[in-house]
Amino acid sequence: MGGCAGSRRRLSHSEEETAPEPRPPLLDRKGVDWKNAVGFWLLGLCNNFSYVVMLSAAHDILSHQRAPGNQSHVDPGPTPIPHNSSSRFDCNPVSTAPPGFCQWGLCCWKLHPGCLFSFNGDQPVCYFFLLTSPGPQDPGGEEEAETAARQPLISSEAPELKPDYSPNLSLQERWTVFKGLLWHIIPLVVVYFAEYFINQGLFELLFFRNTSLSHAQQYRWYQMLYQAGVFASRSSLRCCRIRFTWALALLQCLNLAFLLVDVWFSFLPSIYLVFLIILYEGLLGGAAYVNTFHNIALETSDEHREFAMAAACISDTLGISLSGLLALPLHDFLCHLS
């Protein structure tokens, strides 16, 4: 009996010695997700900062270009001087629409290049020091390491990869996926067309003389309120999700038609009514953008999602370009009206 007991004790002692050591716990996913969320938020801020500043300063930059001898800075409160005395509008010689404004980007380089590049220079910092690589955190076999490396940066669970998963889609598959995306792409193109037609084609023409704000100050307020609406609605996905973005496209087109009629007939009595409409315009634009990509992410399969999200990015560029092509001749036509 004693021998058996001793054998059991030796066996138990041997098992304790050969038992594998417990693996270190996984990193706190909640903390990592917050860190990545902050990193992506800063990347988005840096990515849009210079673009938004140039659009908001378009009227000032154009005024700066026409002011003789002013080569160093833009006057923060220029006196509103009619640029076209033969028109009832206070027009710049060139529209602030995106295609024409791509030049007056070069002008912004002369104004404050350090400010713009400071934000663009922060992008590598955010990418390399804030974002956490989704590499394998719990060492295992090669399959486990590959699965962990493909998990999203912000997620509570790693996605299950299908055996036939392949990131390389054929041309036929890409075309099939793209055709299915048109239900999402077309409304977003329409939204961006309408809102940028308003922003870069009509903002300068929505000029109120019965206010203490100069023309340049009015234009800045328009841009600020639009961006505030976009910021609020792009951050509202957890509170409000919209499945049918066609409704947002229709409402944005109604905004365009209403403001275009006001430019022609000048029937709105107060600039504050325009302020409310422009804030509402920004809310519609931001909601359309964030809900479009959210719906695409939900409705596409794992193997098609990355291509679908990238393909949908043409929506805003196409809408902005089309609006600029039409806003330029419209600006010239209206500014030559007596």
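The structure presented is a predicted model; accordingly, all values stated were derived computationally and were not measured.

Quick word on the overall build of the chain
Consideration 1: Secondary structure summary: the chain contains 13 helices and zero strands in total.
Consideration 2: Counting helices and strands in the order they occur from the N terminus, the chain gives α-α-α-α-α-α-α-α-α-α-α-α-α.
Consideration 3: Here the chain, with 338 residues, has 37% of them falling under the buried criterion.
Consideration 4: Of the contacts made within the chain by residues no fewer than 6 positions apart, 81% connect residues no fewer than 24 positions apart.
Consideration 5: Element-wise, carbon and sulfur atoms account for 65% of the exposed surface of the chain, whose accessible area totals about 19,600 Å².

As for the UniProt feature "transmembrane region" (unreviewed entry) in the chain
Consideration 1: Taking the numbering used here, the UniProt-annotated feature "transmembrane region" (unreviewed entry) corresponds to residues 38–58, 181–199, 244–265 and 271–290.
Consideration 2: Each end of residues 38–58 is marked by a C-alpha atom, and these two atoms are 30 Å apart; helix forms 95% of the span and strand 0%.
Consideration 3: Secondary structure content for residues 181–199 is 100% helix and 0% strand, and the end C-alpha separation is 27 Å.

Quick look at the packing of aromatic side chains
Consideration 1: Under the defined criterion, the tally for this structure stands at 14 aromatic pairs.
Consideration 2: Arranged with centres 5.2 Å apart and planes meeting at 45°, the rings of Phe203 and Tyr222 form a pair that is tilted. Of this pair, Phe203 sits in the loop between helix H8 (171–202) and helix H9 (215–234) while Tyr222 sits in helix H9, and the two are 19 residues apart along the sequence. Like Tyr222, Phe203 is buried.
Consideration 3: Ring centres of Trp264 and Phe333 lie 6.3 Å apart, and the angle between their planes is 10°; on these two criteria the pair is classed as stacked. Of this pair, Trp264 sits in helix H10 (residues 246–265) while Phe333 sits in helix H13 (residues 314–335), and the two are 69 residues apart along the sequence.
Consideration 4: In this structure an aromatic cluster arises from ring pairing among Phe203, Tyr219, Trp221, Tyr222, Tyr272 and Phe275.
Consideration 5: Here the guanidinium or amino end of Arg234 rests over the ring plane of Tyr289, the centre of that ring lying 3.9 Å away.

Quick notes on the environment of Trp246
Consideration 1: By the secondary structure assignment, Trp246 is in helix H10.
Consideration 2: On the accessibility criterion, Trp246 (34% relative accessible area) is partly exposed.
Consideration 3: Along the chain, Trp246 and Trp183 lie 63 residues apart, while their C-alpha atoms are 8.7 Å from each other.
Consideration 4: In contact with Trp246, not counting residues within four places along its chain, are Trp183, Ile186 and Pro187.
Consideration 5: A distance of 3.5 Å separates a polar side-chain atom of Trp246 from the backbone oxygen of Trp183.

Looking at the environment of Thr132
Consideration 1: Looking at the element boundaries, Thr132 is found in the loop between helix H6 (113–129) and helix H7 (142–149).
Consideration 2: The class of Thr132 is buried, set by a relative accessible area of 18%.

Some details on the packing of H8 against H13
Consideration 1: In contact at an axis separation of 7 Å, H8 and H13 are set at 35° when each is read in the N-to-C sense. Crossing geometry of H8 relative to H13 is assigned as right-handed. On the side of H8, the interface is formed by Phe178, Ile185, Leu188, Val189, Tyr192, Phe193, Tyr196, Phe197, Gln200, Gly201 and Leu202, while H13 contributes Ile314, Ser315, Asp316, Leu318, Gly319, Ile320, Leu322, Ser323, Leu326, Ala327 and Leu330.
Consideration 2: For the contact of H8 with H13, a count of residues per class yields 16 nonpolar, five polar and one charged.

Notes on the nonpolar core
Within soluble globular proteins, side chains that are nonpolar tend to cluster in buried spots.
Consideration 1: Leu202 and Tyr222 are the most contacted members of the largest nonpolar core, which has 48 residues in total.
Consideration 2: Mapped onto this core, the elements with two or more residues apiece are H8, H9, H10, helix H11 (271–299), helix H12 (302–311) and H13.
Consideration 3: With twelve residues, H8 is the largest single contributor of residues to this core.

The rules behind each value
Residues numbered from 1 in each chain as written. Predicted model: local features only at pLDDT ≥ 70, side-chain atom pairs only at ≥ 80, totals over all residues. Heavy atoms only, no water. Helix = DSSP H or I, 4+ residues; strand = E, 2+ residues; numbered from the N terminus. Buried < 20%, exposed > 50% of the residue type's maximum accessible area, 1.4 Å probe, protein only. Contact = heavy atoms within 4.5 Å. Areas by Shrake-Rupley, 256 points an atom, 1.4 Å probe, with all protein chains shown as cover. UniProt positions renumbered as here; feature names shortened; annotations may be inferred. Phe/Tyr/Trp six-rings, centres within 6.5 Å; stacked < 30°, edge-to-face > 60°. Lys NZ or Arg CZ within 6 Å of the ring centre and 35° of its normal. Polar contact = N/O pair within 3.5 Å; in protein donor to acceptor, adjacent residues only side chain to side chain. Axes fitted to C-alpha atoms, helices over the stretch in contact; angles between N-to-C directions. Left-handed = near helix turned anticlockwise from the far one by under 90°. Nonpolar A, V, L, I, M, F, W, Y, C, P; charged D, E, K, R; others polar. Core = buried A, V, L, I, M, F, W, Y, C linked by side-chain atoms within 4.5 Å.

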